[in-house]
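Tertiary structure, described
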Amino acid sequence: MKTKQIKAFGTEAADLDLEQLDIKRREVMPKDVEIDILYCGVCHSDLHFARNDWGFSTYPAVPGHEIVGKVIKVGEKVTKHKAGDLVAVGCMVDSCRTCNSCKNDLEQYCSEWVGTYMGHDKYLDSPTFGGYSESIVVDEHFVLKVPTNLDLSAVAPILCAGITTWSPLRHWKVGKGTKMAVVGLGGLGHMAIKLAHALGANVTLFSRSENKIQDALDLGTDQVVISTDEEQMAKVQGQFDFILDTVPCIHDINPYVGALHSSGTLVLVGYLGPLENPVLNTMPMVMGRKTVAGSLIGGIAETQELLDFCGKHNITPDIEMIKMQDINEAYERMLKSDVHYRFVIDMASLKN
Ligand code: NAP
Ligand code: ZN
Ligand code: ZN
């Protein structure tokens, strides 16, 4: 297969900084779309991947799965997109297309789904490389249309932070009359607040950071509870129908199970792995028919639904634009929860 060499930003090992490197993209095949990447959001998963937090990263690692750009070229069988279109790619670039999950627009639960990074490109027999790069080649099924009324530089985080919070909000039918809460005000958390507010829910934020209270209110939160304040936590026990937990590391979820009322659901989207310290007490779950669940990004149709919803309601993430060369510093700030509220890379900085 013919390939093309392009510039990217990535790392050769978990303990090294990201730096410029060259990667190969496949030449456009009949169903492929080649995209000139204009902007790429910076997800906390990018950092987990680069630093091997999950234990299964491969190197070189090129992160980035919040991609917005312009179509440069399409294969002869492409019908959805054409050169010049503004398009987006999220966390997936392929799946089997035939299993029940794929047939039901839930490609993210296909056992063969291919991540935009950390996946396996079967055509090149190589790892997939993400959006910290000049361009990408993706099957048209996984390429989304960007509403033209939105500020393009701010659209990228919808592709992961947006869909990862939207999918559970829709699945658990959050809307008018729902009293819900978000845990953690970062990239995912701030999108969860905007979207739940737009759906008409009453939204509380659980945050450790007193300095984020005003921002949370401006984003559409009705109430902020400082999660490290026992008195404030005690006051909201038994209050919520639904809680979306975006915390990226091991933490105690028992207080949030306690904050659900009977039949309520706590959905974890942040931390991946065993949560055993402290152990999860099933007593309040059994006594109150409560659910602790998880959720992974969202399907392609649902991502397009979200982009269209954001277009209709004029919703864009709050972003801080950075240059590609600032990525290592941005990761350090993300670890300090000092992001307001998503970094987006201006990819012109890589090309020039
Ligand atoms: P982020 O921007 O870093 O935000 C995470 C927020 O969690 C922080 O702003 C902070 O909020 C809170 N937090 C951080 N450390 C904490 C700690 N030790 N204890 C309690 N709270 C803490 O990260 P993100 O990009 O939103 O991603 C969040 C997580 O979701 C990551 O682990 C990422 O890998 C995961 N993720 C999952 C999916 C999925 O499909 N399930 C998709 C995308 C991302 P406060 O300052 O307000 O406390
Ligand atoms: Zn992500
Ligand atoms: Zn499948």
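Refer to the structure presented above.
My aim in this report is to walk through the structure given alongside it, one point at a time.

The rules we used
Residues numbered from 1 in each chain as written. Chains lettered and ligands numbered in written order. Predicted model: local features only at pLDDT ≥ 70, side-chain atom pairs only at ≥ 80, totals over all residues. Heavy atoms only, no water. Patch = residues over 30% accessible without salt bridge, like charges linked within 9 Å, V, L, I, M, F, W, Y side chains within 5 Å. Areas by Shrake-Rupley, 256 points an atom, 1.4 Å probe, with all protein chains shown as cover. Salt bridge = Lys/Arg side-chain N within 4 Å of Asp/Glu carboxyl O. Helix = DSSP H or I, 4+ residues; strand = E, 2+ residues; numbered from the N terminus. Contact = heavy atoms within 4.5 Å. Expected span 1.5 Å × (residues − 1). Buried < 20%, exposed > 50% of the residue type's maximum accessible area, 1.4 Å probe, protein only. Donors = N, O, S within 2.8 Å, 3.2 Å for Na, K, Ca; no water. Tetrahedral: all angles 85-135°; square planar, octahedral: opposite > 155°, others 65-115°. Pairing = 2+ DSSP bridges. Axes fitted to C-alpha atoms, helices over the stretch in contact; angles between N-to-C directions. Near = heavy atom within 4 Å. Polar contact = N/O pair within 3.5 Å; in protein donor to acceptor, adjacent residues only side chain to side chain. Nonpolar A, V, L, I, M, F, W, Y, C, P; charged D, E, K, R; others polar.

**Examining a nonpolar patch on the surface**
On the surface, L106, Y109, W113 and L296 cluster together into a nonpolar patch covering about 330 Å² of accessible area. By secondary structure assignment, the location of Y109 is in the loop between α2 (100–103) and β7 (114–115).

**Overview of the side chain of S45**
The residue S45 is located in helix α1 (residues 44–50) in this model. In this structure, S45 is in contact with W54, H65 and Y117, ignoring residues within four places of it in sequence.

**A few points about helix α5 (residues 187–198)**
The end-to-end C-alpha separation of α5 is 17 Å, in line with the 16 Å expected for 12 residues at 1.5 Å each. Burial analysis of α5 places 10 of its 12 residues in the buried class, which makes it a mostly covered element. Just beyond α5, the residue with positive phi is G200, at close to 95°.

**A look at the coordination of the zinc ion (ligand 3)**
Protein ligation of the zinc ion (ligand 3) involves C96 (SG), C99 (SG), C102 (SG) and C110 (SG), the donor distances falling in the range 2.3 to 2.4 Å. The coordination sphere of the zinc ion (ligand 3) comprises 4 donor atoms, whose angles at the metal cover 103 to 117°; the geometry is tetrahedral. Each donor residue of the zinc ion (ligand 3) lies on the same chain, and together they follow the pattern C-x2-C-x2-C-x7-C. Placement of C99 in the loop between β6 (92–94) and α2 and of C110 in the loop between α2 and β7 is noted, with a sequence separation of 11 residues between them.

**Quick word on the sheet that holds strand β14 (residues 223–226)**
What the 6 strands build is an open sheet, ordered β14-β13-β12-β15-β16-β17; its pairing is parallel. A single partner strand is all that each edge strand has here, and the edge strands are β14 and β17 (291–294). Strand-to-strand twist of the sheet, defined as the mean angle between neighbouring strand axes without regard to direction, takes the value 20°. The strands that helix α4 (residues 161–171) touches are β12 (179–183), β15 (240–245) and β16 (260–268); relative to β15, the one it contacts most, it runs at about 160°.

**Some points on the site of ligand 1**
What surrounds ligand 1 is a group of 28 residues, the closest being H44, S207, S209, K212 and R342. In the model, an oxygen atom of ligand 1 is placed 2.9 Å from a nitrogen or oxygen of the G187 main chain. Within the contact set of ligand 1, an oxygen atom lies 2.7 Å away from a backbone nitrogen or oxygen of I297. Within the complex, 89% of the 930 Å² of free accessible area of ligand 1 lies under protein. Of all the elements in the fold, those that place two or more residues in the shell around ligand 1 are α1 and α5. When residues of the shell around ligand 1 are assigned to their parent elements, the largest contribution, 3 residues, is made by α1. Residues of the shell around ligand 1, tallied by class, amount to 12 nonpolar, 13 polar and 3 charged.

**Concerning unusual backbone geometry**
The residue after Y59, namely P60, is reached through a cis peptide bond having omega 0°. As for its placement among the helices and strands, P60 is situated in the loop between α1 and β4 (67–74). The omega torsion across N277 and P278 is 0°, close enough to zero to call that bond cis. In this structure, P278 sits in the loop between β16 and α9 (283–288). A positive phi is found at M118, a non-glycine position, where the angle reads about 70°. By the secondary structure assignment, M118 is in the loop between β7 and β8 (120–121). On the basis of relative accessible area, M118 is assigned to the partly exposed category, the value being 26%. In this model, S263 sits at a positive phi of 70°, which is unusual for a non-glycine residue. With respect to the helices and strands, S263 occurs in strand β16.

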